[in-house]
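Fold and geometry: a report
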Amino acid sequence: MNHRTQGGRTANDLGELREQAEHTRDELGRTVEALAAKADVKAQAEEKVAAAREKAAVAAERAKEKAVVAADLVKERTAVATEQAKEKAAVATGQVKEKTAAATDLLKEKTPDPVLEKAEVVAHKAKANRTPLVAVTAALAGFLLVRRIVRGRRGRR
């Protein structure tokens, strides 16, 4: 044991005091650094801005991923709906063709032969002379439209 006295204290007491002083200096240094960090408003603001930017970037990435998933889902559902619509249209077209054929057959059965013959002649002439037929039809439609407009103006007076 080292019990030499120096002014009433032992060597062990001095060593302990030095250790305590060193420990206290370390704590004081850390405390001063912490207080300085708290007092540095600019640095705190920059840290908060950086954290907010990072958080916003993460949120934007998540939103982008969700948008991609949603777009893929919409594409898939659209493709399914389009395919279903095509199938329904094909079925409806087939039904219309069947009903048209049945109506045509029924009409041919019920219509007298002389009328059928005249209808065939008229249809053949109409096919042969499409341009004049279209012109006459357009002229008639124009005449009826003008007549309706003129009558409409007379009624307002």
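As named in an unreviewed UniProt entry, the protein is DUF3618 domain-containing protein, taken from Streptomyces bikiniensis.

Looking at the overall build of the protein
A tally of regular secondary structure across the protein gives four helices and two strands. The order of α-helices and β-strands along the protein, N terminus first, is β-β-α-α-α-α. Against the compact-globule benchmark of 15 Å for 157 residues, the protein has a radius of gyration of 49 Å, which places it well outside the compact range. On the principal axes, the C-alpha backbone points of the protein span a range of 150 × 50 × 30 Å.

Some remarks on the pattern of salt bridges
Applying the stated rule across the entire model yields one salt bridge. Residues Arg 25 and Glu 22 are paired through a salt bridge, measuring 3.3 Å at the closest nitrogen-oxygen approach. Note that Arg 25 and Glu 22 are positioned in helix α1 (residues 11-39) at a spacing of three residues, about one turn of the helix.

So, the confidence of the model for the protein
On average, residues of the protein score 87 in pLDDT, and 92% of them reach the 70 mark or higher. Looking at the elements of the protein, mean pLDDT is at its lowest for strand β1 (residues 5-6), recorded as 50, and at its highest for helix α2 (residues 41-110), recorded as 92.

So, the environment of Thr 78
The topology assignment puts Thr 78 in helix α2. Assessed through its relative accessible area of 43%, Thr 78 is described here as partly exposed. The sequence separation of Thr 78 and His 23 amounts to 55 residues, and the corresponding C-alpha distance is 72 Å.

Section: the side chain of Thr 111
When you line up the elements, Thr 111 lands in the loop between α2 and α3 (113-128). At 2.5 Å, the side chain of Thr 111 and the backbone oxygen of Leu 107 are in polar contact.

Calculation criteria
- Residues numbered from 1 in each chain as written.
- Predicted model: local features only at pLDDT ≥ 70, side-chain atom pairs only at ≥ 80, totals over all residues.
- Heavy atoms only, no water.
- Helix = DSSP H or I, 4+ residues; strand = E, 2+ residues; numbered from the N terminus.
- Rg over C-alpha atoms; globule rule 2.2 N^0.38 Å.
- Salt bridge = Lys/Arg side-chain N within 4 Å of Asp/Glu carboxyl O.
- pLDDT = per-residue confidence, 0-100.
- Buried < 20%, exposed > 50% of the residue type's maximum accessible area, 1.4 Å probe, protein only.
- Polar contact = N/O pair within 3.5 Å; in protein donor to acceptor, adjacent residues only side chain to side chain.

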